[in-house]
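Remarks on the overall topology
This is what each chain is made of:
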Number of protein chains: 2
Amino acid sequence: MRVRSINLVVSFIGVGLLLSGCQRPPATKTLSEVHSDPLPSWNDGQTKRAITDFVERVTKEGSSDFVPVEDRIATFDNDGTLWVEQPVYTEASFTNDRVEQLAAQHPDWKKKQPYAAVLNHDMKALAAGGQKEVAQLLIVTHTGMTTEDFDKIVSDWIQHAKHPRFKKPFTQCIYQPMVEVLAYLRQNGFKTYIVSGGEQEFMRPWTEKAYGIPREQVIGTQFKTELKDGALMRLGQLDSIDDGPGKPVNIGRFIGKRPIAAFGNSDGDQQMLEYTTAGSGARLAVLVHHTDAQREYSYDRDSKIGTLNKALDEAQQKHWVVIDMKSDWKEIFPSPLNGEVPRQ
Amino acid sequence: MRVRSINLVVSFIGVGLLLSGCQRPPATKTLSEVHSDPLPSWNDGQTKRAITDFVERVTKEGSSDFVPVEDRIATFDNDGTLWVEQPVYTEASFTNDRVEQLAAQHPDWKKKQPYAAVLNHDMKALAAGGQKEVAQLLIVTHTGMTTEDFDKIVSDWIQHAKHPRFKKPFTQCIYQPMVEVLAYLRQNGFKTYIVSGGEQEFMRPWTEKAYGIPREQVIGTQFKTELKDGALMRLGQLDSIDDGPGKPVNIGRFIGKRPIAAFGNSDGDQQMLEYTTAGSGARLAVLVHHTDAQREYSYDRDSKIGTLNKALDEAQQKHWVVIDMKSDWKEIFPSPLNGEVPRQ
């Protein structure tokens, strides 16, 4: 709970600092352009080439780097890798909104911490509360209902909530170049998974539509559940924290295969990239480096959200691929004219 | 651990009672016979028809029972549902053989329980040891190595070990009619999963070849792991017991969708079948009833392995499909001439 809790506190603090930003309208591609280049939102250069070279090598039959289809596993972090995580994690916005929504049934929350801090936007009081109180916020907003009811709560929220800066639904604040990588990998026989520190059931309702990744390929931090009256009740007890070393552990548990490609953006992804590259044969480890304050955000070593420090050092030592968002990506977000992502 | 531990004790006891049985040589099908009937090893009748009717209803576009491809989830117990579980669970045979193999490095085991009991085939002493000592046997034989090393240990064992009665590799002691159901469901857009009380990593090395079910669709009882030097070390601590109510919990966690079809054979599958049928729309719940002492085994309410008692009552009340192995199945095991199962 540690890393996420601290981040969550910071996330709430961040809410107070929002600035409305500008966004460049993305160019629309013709069909023929899309078909001739699997990664049209990427500028040509060594980053793009590192990805396409890898895919060509592992899919070329007879090549020494060839990998059979069943072993073409690629794992992706979500926050900051597939969608925006600044100025606060999307899940923190959800938590915040849900406290406000539930407050009507809990008149005592107006004077009870940590709820009062959220309701009064009192970030100082919230930060003073520490991890335990923040964990309490997560439990109150995420558990105590069936998995099916939570699914409806998240589905409803994500349909209406908007990113504070980009003024668009969060599922449109996903990175178009990464959506293209997901589709490109799947076209080449890869099975694509999300392996995120975010709560698993917070992601499952919308990943298929946003990324073409079905529910069963979404791995995240998990609350315990128990069977009750034919449904699964979500309990206020964490079962698995899918962050740092927890990512390889959950990859082993859920997939049972070592990925050959992994994509992340923060120190929480370091062990997943290490685990991926520790296997034999061709391997691809990629970090999204947020370098574009104008079109998105610019942050790394000193950021409280999505800290990229140790993993950046390791990437430089081990020649992992580091995406320079500003120079590598032509577009950041999907054009409203883009259709749905092809299914796996 | 309770159910499995007790069963394991019984399994070891069972080793002493083995009788060499007779097996009817399975008939060989011509290609055209196989193609015209997706379930050629099933006798025509209401059991077979219940399965094919269900599949036809959920796959017929425009039908009120139509289920989109992404929700066609079918879950299968393994021991006693997909392969033989008598006279002892295959995993108990593995545990037994591995204690004997490891004994060379542990001279003290000759006089130390529970190892001595296994080495001396002293079932009375083993049973006297209780759950804790049996759990110790599982931990010693299943953990303390990386997941990749355990994979090699199981792969090697399963290639050489033979069923005591049928004198064939265990992966040939699988039920041909169920292999046909798996393939038939996949041909109709279903994703097929194993959800077994057996240890997850004990199954993953061979399920693809035996059943066409890839590693990532195998859910079982799990030991904890930790990341160490780029590999996952298997720890001597259970993480999840995939039996009884643990089956729906793990289905929720791993798949995140309620199955529309579930197949089991014992009381340990009861909650999985209840969870499956508690959903709305067309549902299929099937129990394999072992009624064929001549060709396989005959057991239900009083058996220590694969007890089928409460679930059989519920099946009768709720009109679940109950397979009468003796009258419903033309053949029990695959013909040696059958090729590999088509992949998902």
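In this text, all values refer to a predicted model and were calculated from it rather than measured experimentally.

Basis of the calculations
- Residues numbered from 1 in each chain as written.
- Chains lettered and ligands numbered in written order.
- Predicted model: local features only at pLDDT ≥ 70, side-chain atom pairs only at ≥ 80, totals over all residues.
- Heavy atoms only, no water.
- Buried < 20%, exposed > 50% of the residue type's maximum accessible area, 1.4 Å probe, protein only.
- Helix = DSSP H or I, 4+ residues; strand = E, 2+ residues; numbered from the N terminus.
- Pairing = 2+ DSSP bridges.
- Least-squares fit on C-alpha atoms with pLDDT ≥ 70 in both.
- Contact = heavy atoms within 4.5 Å.
- Phe/Tyr/Trp six-rings, centres within 6.5 Å; stacked < 30°, edge-to-face > 60°.
- Salt bridge = Lys/Arg side-chain N within 4 Å of Asp/Glu carboxyl O.
- Buried area = accessible area lost by both parts, 1.4 Å probe.
- Expected span 1.5 Å × (residues − 1).
- Bend = angle between axes of the 7 residues up to and from the residue.
- Axes fitted to C-alpha atoms, helices over the stretch in contact; angles between N-to-C directions.
- Parallel < 35°, antiparallel > 145°, perpendicular 65-115°, else oblique.
- Left-handed = near helix turned anticlockwise from the far one by under 90°.
- Nonpolar A, V, L, I, M, F, W, Y, C, P; charged D, E, K, R; others polar.

A word on the pairing of strand E1 (residues 73-76) of chain A
Residue and element names in this part refer to chain A. Of the two faces of E1, both are covered, the one formed by Ile-73 and Thr-75 as well as the one formed by Ala-74 and Phe-76. The pairing of E1 with strand E5 (residues 261-264) spans three bridges and is parallel. Looking at the pairing, Thr-75 lines up with Ala-262 of E5.

Here we look at the relation of the copies chain B and chain A
Think of it as a corkscrew move, a rotation about one axis and a shift along it, taking one chain copy to the other. With an RMSD of 0.0 Å, the operation that places chain B on chain A is a rotation of 180 degrees combined with a shift of 0.0 Å along the axis. Given the turn and translation reported, the copies of this chain are related as if by a two-fold rotation axis. Measuring from the rotation axis to each C-alpha of chain B, the shortest distance belongs to Phe254(B), at 3.3 Å. Taken as a fraction of all interface residues of chain B, those also at the interface in chain A reach 100%, which identifies the copy contact as same-surface.

Focus on the packing of aromatic side chains
Residues and elements named next belong to chain A. Scanning the entire structure with this criterion turns up 33 aromatic pairs over all chains. Between Phe-94 and Trp-157, the ring centres sit 5.4 Å apart and the planes meet at 80 degrees, which makes this aromatic pair edge-to-face. One end of the pair, Phe-94, is in helix H4 (residues 90-102); the other, Trp-157, is in helix H7 (residues 147-160), and 63 residues separate them in sequence. The class of Phe-94 is buried, set by a relative accessible area of 1%.

Thoughts on the pattern of salt bridges
Residues and elements named next belong to chain B. In this structure the tally under the stated criterion is 38 salt bridges over all chains. Arg-301 is the salt-bridge partner of Asp-313, the closest N and O atoms lying 3.0 Å from each other. In this pair, Asp-313 is assigned in helix H13 (residues 310-318) and Arg-301 in the loop between strand E7 (298-299) and H13, connecting sequence segments twelve residues apart. Note on Asp-313: relative accessible area 33%, which makes it partly exposed.

Structural notes on the interface of chain B and chain A
Of the residues lining the interface, 33 residues belong to chain B; the matching set on chain A comes to 33 residues. Across the interface of chain B and chain A, roughly 2,700 Å² is buried in total on both sides, 47% from carbon and sulfur atoms. At the junction of chain B and chain A, the tally comes to eight salt bridges. Between Lys257(B) and Glu216(A) there is a salt bridge whose closest N-O contact spans 2.8 Å.

Side note on helix H6 (residues 123-142) of chain A
Residues and elements named next belong to chain A. Taking 1.5 Å as the rise per residue, H6 with 20 residues should run 28 Å; its terminal C-alpha atoms sit only 21 Å apart, a clear shortfall. The principal kink in H6, of about 110 degrees, is found at Gly-130. Looking only at H6, the buried set comprises Met-123, Leu-126, Val-134, Ala-135, Leu-137, Leu-138, Thr-141 and His-142. A positive backbone phi angle near 95 degrees is found at Gly-144, which sits one or two residues after H6.

Looking at the pairing of strand E4 (residues 231-240) of chain B
Remember that side chains alternate between the two faces of the sheet whenever the strand is regular. Residues and elements named next belong to chain B. One ladder, built from six bridges, connects strand E3 (residues 218-228) with E4; its direction is antiparallel. Bridge assignment links Glu-226 to a residue of E4, and that residue is Met-233. Counting the residues that bridge the hairpin from E3 to E4 gives two residues, and of these Asp-229 lies at a positive phi of roughly 50 degrees.

Observations concerning the packing of helix H3 (residues 46-59) of chain A against helix H8 (residues 176-187) of chain A
All names here are of chain A. Between H3 and H8, the least distance of the axes is 11 Å, while the angle of their chain directions is 15 degrees. Relative to H8, the element H3 lies roughly parallel. The handedness of the crossing between H3 and H8 comes out as right-handed. Along the contact surface, H3 presents Ile-51, Thr-52 and Val-55, while H8 presents Val-181, Tyr-184 and Leu-185. Broken down by class, the residue content of the contact of H3 with H8 amounts to five nonpolar, one polar and no charged.

Structural notes on the packing of helix H4 (residues 90-102) of chain B against helix H6 (residues 123-142) of chain B
Residues and elements named next belong to chain B. At a minimum axis distance of 9 Å, the contact between H4 and H6 shows a crossing angle of 70 degrees. In terms of axis orientation, H4 runs roughly perpendicular to H6. Crossing handedness for the pair H4 and H6: left-handed. Along its contact with H4, which presents Glu-91, Phe-94, Thr-95, Arg-98, Val-99 and Leu-102, the element H6 presents Leu-137, Leu-138, Val-140, Thr-141 and His-142. Tallied by class, residues from the contact of H4 with H6 come to six nonpolar, three polar and two charged.

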